[in-house]
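Fold and contact review
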Amino acid sequence: MAGGMHLETFGLIIGGIGLFLLGMNLMTEGLKAMAGEKLKDILRRFTGGVYSAILSGAVITGVIQSSSAATFMTIGFVSAGLLSFSQSLGVIIGANIGSTSTGWIVSVIGFQINMSMLALPLIGGGVLLRLISKNKWGPQGSAVTGFGLLFLGIDVLQNGMSGFTAFFDLSRLQGESWWWLPLLIGIGFLMTVVMQSSSAAVVTTLTALHTGAVDFNQAALLVIGQNVGTTVKAFLASIGGTTAARRTAAGHILFNLITGLLAVVLLPVLVSFVMLVSEVFSLTDEAVQLAVFHTVFNLLGVVFILMIYPYFKIMVKRLIPERKTETYLGYLDESVAELGPVAVEALRRTLRRMMRDCAAVTSSALNTSPVTFEGNRVLNQVETELVEMQKFLTKVSLNEPSASSEAYEARVSLVHAMDHTDRWVKALREGETYQKALKEGQTEKFVYELQKICSRWIKASETAYTEEEKEEYGRKDPFGGDHQLVSYTEAQASKIAGMRKETRREVLAGSVKDELTVDDGIRAVQTVQWIDRLAYHMWRAAFHTQNTVDSKEKKDQSL
């Protein structure tokens, strides 16, 4: 009989945690989808300095209710070059503050109402919203359903925790013995690792405290361990990742370890402070007091890190030195693919880095045709990695199938840009065929006009940012500082196309008048057409990788 009761209790606890995790996942995904492409603008607008970055991290984590999601999102933004390393650290620090919001929601709202009465209507309403609205209100339906499942999970968890003390006595894990302190921290750490969610672990602890399964001091140590436990997920996610991803993860790990150490060392002081605050504000519920403790020690960690912030940055950079990479794809990791708008921006900037190098190869080929050994290496790399970029874009589309029309147009533009870059590379490989004609009078003016495009591109890349910005924004748009680059390239390409039409008639007529041989005339025309193709593909690739272009204009001009 007792064994059956134990089994039922464990079943309720595990089932409650499972429902809570399912609810958190649905709610987070729904809220992320609702925020969608606005998140990129929010982060870019409000992460100018470290304080605004911290505020952004706290707000975004509070909105999507997942510090892990906020961390991975930040890694993606850094990889795409949308945030600097300094800003990413601020967002990560703020995410820790935002993660305390779950405890407040559960302790202030969850334990004060009949959760099953609230949960079931929310679940039913959310599912109905998804079914009747198809894709239009799908994210909202997911968020509402997740919120309902979250409360249902807490209700089931409460029922399980009420019988927990009957067969598991935690009263021995206290007193003057030293071993119970690291043991409880370790249990909290393992809870986060096993559940893969610090929010779920904290809610389990809050529920245990609310039902009397643990006392306040035990719950406080469990929460400290759970806060540190989030570092495992960040560490695993960064393995094999970019330097930006590993630095962001290292900053997250160091911050949580330092915060946890401070909380343990100052535990008696922090508990006394929480009790004082509780007395002043008449907070009698221990679950609410634990939410206060969770917030206070995270704020303490933020204050301490801000005091040593310059040294903290240096420490992280020395732990994870910059990795010299010769691949264009070094910043397209899994964390980026999960975020549609960020992935599109990362692909756009990666394409522009390819285009910058192809412009240099083009300039060299016009001077020293055929393409040099180094030029061929670049072209081979571009061709190979364009294929991988196409696969990456396919993965992005699979991760976010119901994208907005604006996001859809942005992806279509990337496909056009990849196609024009590929055809540009293939045209460059034909350069050896036109080597002799490039040095003849009929083609000199075309070479000169195309060289002007290449020179503009190379100059724009060299002056895009300062040395300090290069360190912070190693993945920036190489042409970001030249806002007239596309219009200039278009004007030059149009000029070359007009010259080609006139020259073709003149050269072919000259070959008949014995001014040059027919063979030389045809070769000159073909060389001019080749230069015209290079200019055209450069223009179209640049056009389709603009940062902001009207969607309708792109659709009308997607040649």
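Every residue gets a number counted from 1 within its own chain, in the order that chain's sequence is written. Totals for whole chains, interfaces and linings use all residues, but because this is a predicted model, local features are given only for residues with pLDDT of at least 70 and pairs of side-chain atoms are given and counted only at 80 or more. Water and hydrogen atoms play no part in the side-chain values, which are based on all heavy atoms of the structure.

Remarks on the overall build of the chain
Each helix and strand counted, the chain has 25 helices and 0 strands in total. Taken across its 559 residues, the chain has 54% of its residues classed as buried. Within the chain, residue pairs in contact and separated by at least 24 positions form 81% of the contacts whose partners lie at least 6 positions apart. Reported accessibility uses the Shrake-Rupley method at a 1.4 Å probe radius. Residues are deemed covered only where the shown protein chains occlude them. Of the roughly 25,300 Å² of accessible surface on the chain, 61% is carried by carbon and sulfur atoms. Working definition: helices are DSSP H or I runs of at least four residues, strands are E runs of at least two. Numbering for both runs from the N terminus. Throughout this description, buried means an accessible area under 20% of the type-specific maximum (1.4 Å probe, protein chains only), exposed means over 50%, and partly exposed covers the range between. Here, two residues are considered to be in contact whenever any of their heavy atoms come within 4.5 Å of each other.

Points about the confidence of the model for the chain
Any region with low pLDDT has predicted coordinates that should not be read closely. Looking at any residue, its pLDDT shows the predictor's confidence there, from 0 to 100. Looking at the chain as a whole, its pLDDT mean stands at 78, while 75% of the residues score no less than 70. Every residue in residues 464-475 is under pLDDT 50, and counting partners more than four places away or in other chains gives 27 contacts. Across residues 548-559 the pLDDT falls below 50, and counting only partners more than four positions away or on other chains, this stretch makes 20 contacts in the model.

Regarding the pattern of salt bridges
Any carboxyl oxygen of Asp or Glu that lies within 4 Å of a side-chain nitrogen of Lys or Arg is treated as forming a salt bridge with it. Counted according to the given criterion, the structure contains 12 salt bridges. Glu374 is the salt-bridge partner of Arg377, the closest N and O atoms lying 2.8 Å from each other. Of this pair, Arg377 and Glu374 both sit in helix α18 (residues 373-399), 3 residues apart, which is roughly one turn of the helix. A salt bridge links Lys495 to Glu449; its shortest N-O distance comes to 3.2 Å. In this pair, Lys495 sits in helix α23 (residues 485-512) while Glu449 sits in helix α21 (residues 441-462), placing the two residues 46 residues apart along the sequence.

Here we look at the nonpolar core
To define a nonpolar core, start from buried Ala, Val, Leu, Ile, Met, Phe, Trp, Tyr and Cys residues and group those joined through side-chain atoms within 4.5 Å. Counting residues in each nonpolar core, the largest one holds 64 residues, and the members touching the most others are Trp424, Leu450 and Trp457. Here this core takes 13 residues from helix α17 (residues 340-368), the largest share from any one element. By size, the runner-up hydrophobic cluster in this structure holds 47 residues, among which are Met195, Val223, Val274 and Phe297.

Re the packing of helix α10 (residues 198-210) against helix α14 (residues 286-307)
Simply put, an axis is a line fit to the C-alpha atoms, just over the touching stretch for a helix, and the angle between two N-to-C directions goes from 0 to 180 degrees. With their axes 9 Å apart at the nearest point, α10 and α14 run at an angle of 145° to one another. Judged by the twist between their axes, the crossing of α10 over α14 is right-handed. Each of Val202, Thr205, Leu206 and Leu209 in α10 lies in contact with α14, whose residues at this interface are Glu286, Ala287, Leu290 and His294. By residue class, the composition of the contact of α10 with α14 is 5 nonpolar, 2 polar and 1 charged. When the near helix sits turned anticlockwise from the far one by under a right angle, the crossing is termed left-handed; a clockwise turn instead gives a right-handed crossing. Each residue gets one of three labels, nonpolar for Ala, Val, Leu, Ile, Met, Phe, Trp, Tyr, Cys and Pro, charged for Asp, Glu, Lys and Arg, and polar for the others, Gly among them.

A closer look at the packing of helix α5 (residues 85-98) against α14
The N-to-C vectors of α5 and α14 enclose an angle of 160°; their axes lie 9 Å apart at closest approach. Between α5 and α14, the crossing angle belongs to the class labelled roughly antiparallel. Between α5 and α14 the crossing geometry is left-handed. Across the interface between the two elements, Ile93, Asn96 and Ile97 from α5 touch Asn298, Leu299, Val302 and Ile305 from α14. A per-class count over the contact of α5 with α14 returns 5 nonpolar, 2 polar and no charged. For this classification, under 35 degrees means roughly parallel, over 145 means roughly antiparallel, 65 to 115 means roughly perpendicular, and everything else is oblique.

A short note on the packing of aromatic side chains
Any Phe, Tyr or Trp ring, taking Trp's six-membered ring, that has another such ring centre within 6.5 Å forms a pair; planes under 30 degrees apart are called stacked, those over 60 apart edge-to-face, and the others tilted. Scanning the entire structure with this criterion turns up 4 aromatic pairs. Between Phe293 and Phe297 the ring centres are 5.3 Å apart and the planes differ by 55°, which places this aromatic pair in the tilted class. One end of the pair is Phe293 and the other is Phe297, both in helix α14 and 4 residues apart, which spans about a single turn. Considered together, Phe293 and Phe297 belong to a single accessibility category, that of buried residues. Should the NZ of a Lys or the CZ of an Arg lie within 6 Å of a ring centre and within 35 degrees of the ring normal, that charge is described as sitting over the ring. When the ring centre of Tyr488 is taken as reference, the NZ or CZ atom of Arg456 above it lies at 4.6 Å. The positively charged end of Arg540 is found above the aromatic ring belonging to Trp539, 4.5 Å away from the centroid.

Observations concerning the environment of Leu129
Tracing the chain through its elements places Leu129 in helix α7 (residues 115-133). Once you skip the residues sitting within four places of it in the chain, Leu129 turns out to touch Trp137, Gln140 and Gly141.

Notes on a nonpolar patch on the surface
To count toward a patch, a residue needs a relative accessible area over 30% and no salt bridge; like charges are then connected within 9 Å, while nonpolar side chains (Val, Leu, Ile, Met, Phe, Trp, Tyr) are connected within 5 Å. Taken together, Val127, Leu128, Leu131 and Ile132 make up a surface patch of nonpolar side chains, about 420 Å² in accessible area. For Leu128, the position within the fold is in helix α7.

Re α5
An expected span of 1.5 Å times one less than the residue number is assigned to each helix. Along its 14 residues, α5 runs 20 Å from first to last C-alpha, staying within 8% of the 20 Å computed at 1.5 Å per residue. The buried fraction of α5 amounts to 14 of the 14 residues, a majority that puts the element mostly inside the structure.

Some thoughts on the environment of Ala460
Within the element layout of this structure, Ala460 appears in helix α21. Expressed as a C-alpha distance, the spacing of Ala460 and Leu485, which sit 25 residues apart in the sequence, is 8.1 Å.

Quick word on unusual backbone geometry
We note that Ser282 has phi near 55°; this positive angle belongs to a residue other than glycine. Looking at the secondary structure, you find Ser282 in the loop between α13 (267-280) and α14. Residue classification places Ser282 among the exposed residues on the basis of a relative accessible area of 57%.

Focus on the environment of Thr145
Among the structural elements, Thr145 can be located in helix α8 (residues 138-161). Among the residues examined, Thr145 registers a relative accessible area of 7% and is labelled buried. Separated by 22 residues in sequence, Thr145 and Ile123 place their C-alpha atoms 4.3 Å apart. Excluding residues that lie within four positions of it along the chain, Thr145 makes contacts with Leu26, Leu122, Ile123, Gly126 and Val127. Think of a polar contact as two N or O atoms within 3.5 Å of one another; within protein, one of them needs to be a possible hydrogen donor and the other a possible acceptor, and neighboring residues in sequence only count if both atoms come from side chains. Polar contacts involving the side chain of Thr145 include one to the main-chain amide nitrogen of Val127, which spans 3.2 Å.

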